[in-house]
Amino acid sequence: MSARYRTEAINTDGGHGVSNIVGGMAVPVSSPLASDFDTSASNPEQLLALAWVTCLNSTAQAIVRGERRTSVRATVELHPAEPGPGYEFRAHAYLSAEGLSAEDAEQVLAAAHSRCPVSKLMSGAATVHVHTEEYTAA
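Bear in mind the structure is a predicted one, so any value in this text is a computation, not a measurement. (Residues numbered from 1 in each chain as written. Predicted model: local features only at pLDDT ≥ 70, side-chain atom pairs only at ≥ 80, totals over all residues. Heavy atoms only, no water.)

For the coordinates displayed, the defined rule picks out four salt bridges. Of the charged contacts in the structure, one is a salt bridge between Arg6 and Glu8, with a shortest N-O distance of 3.9 Å. A salt bridge links Glu88 to Arg90, with the shortest nitrogen-to-oxygen separation between them at 3.3 Å. (Salt bridge = Lys/Arg side-chain N within 4 Å of Asp/Glu carboxyl O.)

Encoded structure:
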């Protein structure tokens, strides 16, 4: 089966410089581990969090068919890998849904997490967790 969508990104600068989408945007990047960390640039932790909240909430919206508002927030932390070497992400996503019971919100979350391509990419990682939380209007 052919791909429904394809993109390509290139980084030649490492953790400090620019990452590019071929034929598209250029994203300034800076490693939070660097002594000269540029807080105005992005980093893999932020980009992963953005990808996950966008994908997971889009999937949740498809599941509730737009009948309710949903919201997803994510935290992505960088920790020394256990066991080493290197580092690992610890990622948590929190879904809330307007007017749903805790049980119904859990069902939406489970369905969205099983269908979201970003969640699928991260599935099975011991450092990835999803949760529900009470909905509050923004």
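All right, on to the nonpolar core then. As a rule of thumb, nonpolar side chains are buried together in soluble globular proteins. The biggest cluster of nonpolar side chains holds 22 residues, and the ones touching the most others in it are Trp52, Leu56, Val72, Leu95, Cys116, Val118 and Met122. When residues of this core are traced back to their parent elements, those giving at least two are helix H1 (44–64), strand S4 (70–80), strand S5 (87–97), helix H2 (102–115) and helix H3 (117–122). Looking at this core, the element that brings in the most residues is H1, giving nine residues. (Core = buried A, V, L, I, M, F, W, Y, C linked by side-chain atoms within 4.5 Å. Buried < 20%, exposed > 50% of the residue type's maximum accessible area, 1.4 Å probe, protein only. Helix = DSSP H or I, 4+ residues; strand = E, 2+ residues; numbered from the N terminus.)

Within the open sheet, the three strands sit side by side as S4-S5-S6. Their pairing is mixed. Each having just a single partner strand, S4 and strand S6 (128–132) make up the two edges of the open sheet. Across the sheet, the mean angle from the axis of one strand to that of its neighbour is 15 degrees, orientation sign disregarded. Pairing geometry for S4 and S5, over eleven bridges, is antiparallel. Note on S5: the bridge partner recorded for Leu78 is Phe89. (Pairing = 2+ DSSP bridges. Axes fitted to C-alpha atoms, helices over the stretch in contact; angles between N-to-C directions.)

The geometry of H1 relative to H2 is characterised by a closest axis approach of 9 Å and an angle of 120 degrees between their N-to-C directions. If you check the angle between H1 and H2, you find them oblique. Considering how the two elements wind past one another, H1 and H2 form a crossing that is right-handed. Facing Trp52, Leu56, Thr59, Ala60, Ala62, Ile63 and Val64 of H1, the residues of H2 in contact are Val108, Leu109, Ala111, Ala112, His113 and Arg115. Residue classes in the contact of H1 with H2 are distributed as ten nonpolar, two polar and one charged. (Parallel < 35°, antiparallel > 145°, perpendicular 65-115°, else oblique. Left-handed = near helix turned anticlockwise from the far one by under 90°. Contact = heavy atoms within 4.5 Å. Nonpolar A, V, L, I, M, F, W, Y, C, P; charged D, E, K, R; others polar.)

Now for H1. Taking 1.5 Å of rise per residue, the 21 residues of H1 would be expected to cover 30 Å, and the 30 Å separating its terminal C-alpha atoms lies within 8% of that figure. Turning to H1, its buried residues number three or more, namely Glu45, Leu48, Ala49, Trp52, Val53, Cys55, Leu56, Asn57, Thr59, Ala60, Ile63 and Val64. The secondary structure elements touched by the buried residues of H1 are S4, S5, H2, H3 and S6. Its side-chain oxygen placed 3.1 Å from the backbone nitrogen of Glu45, Asn43 serves as the N-cap of H1. Of the residues flanking the end of H1, it is Arg65, one or two places downstream, whose phi is positive at about 55 degrees. (Expected span 1.5 Å × (residues − 1). Polar contact = N/O pair within 3.5 Å; in protein donor to acceptor, adjacent residues only side chain to side chain.)

Another aspect to go through is the sheet that holds strand S2 (residues 16–21). Spatial strand order, S1-S2-S3: three strands in an open sheet with antiparallel pairing. In this open sheet, the two edge strands, each paired with only one partner strand, are strand S1 (9–11) and strand S3 (26–30). Within the sheet, the average angular offset between the axes of one strand and its neighbour, ignoring direction, is 25 degrees. Note: S2 against S3, five bridges, orientation antiparallel.

Our next topic: the layout of surface pockets. Approximately 200 Å³ is the volume found for the largest pocket. Along the walls of the largest pocket sit Ala9, Ser19, Asn20, Ile21, Met25, Val27, Leu47 and Leu50, which together make up its complete lining. Elements represented by at least two residues in the lining of the largest pocket include exactly S2 and H1. The element that contributes the greatest number of residues to the lining of the largest pocket is S2, accounting for three residues. Its residues assigned to classes, the lining of the largest pocket comprises six nonpolar, two polar and no charged. (1 Å grid on protein atoms, 1.4 Å probe; cavity = no way out; pocket = protein on both sides within 12 Å on 5 of 7 lines; lining within 4 Å. Points joined across faces, edges and corners; volume = space filled by probe spheres on them.)

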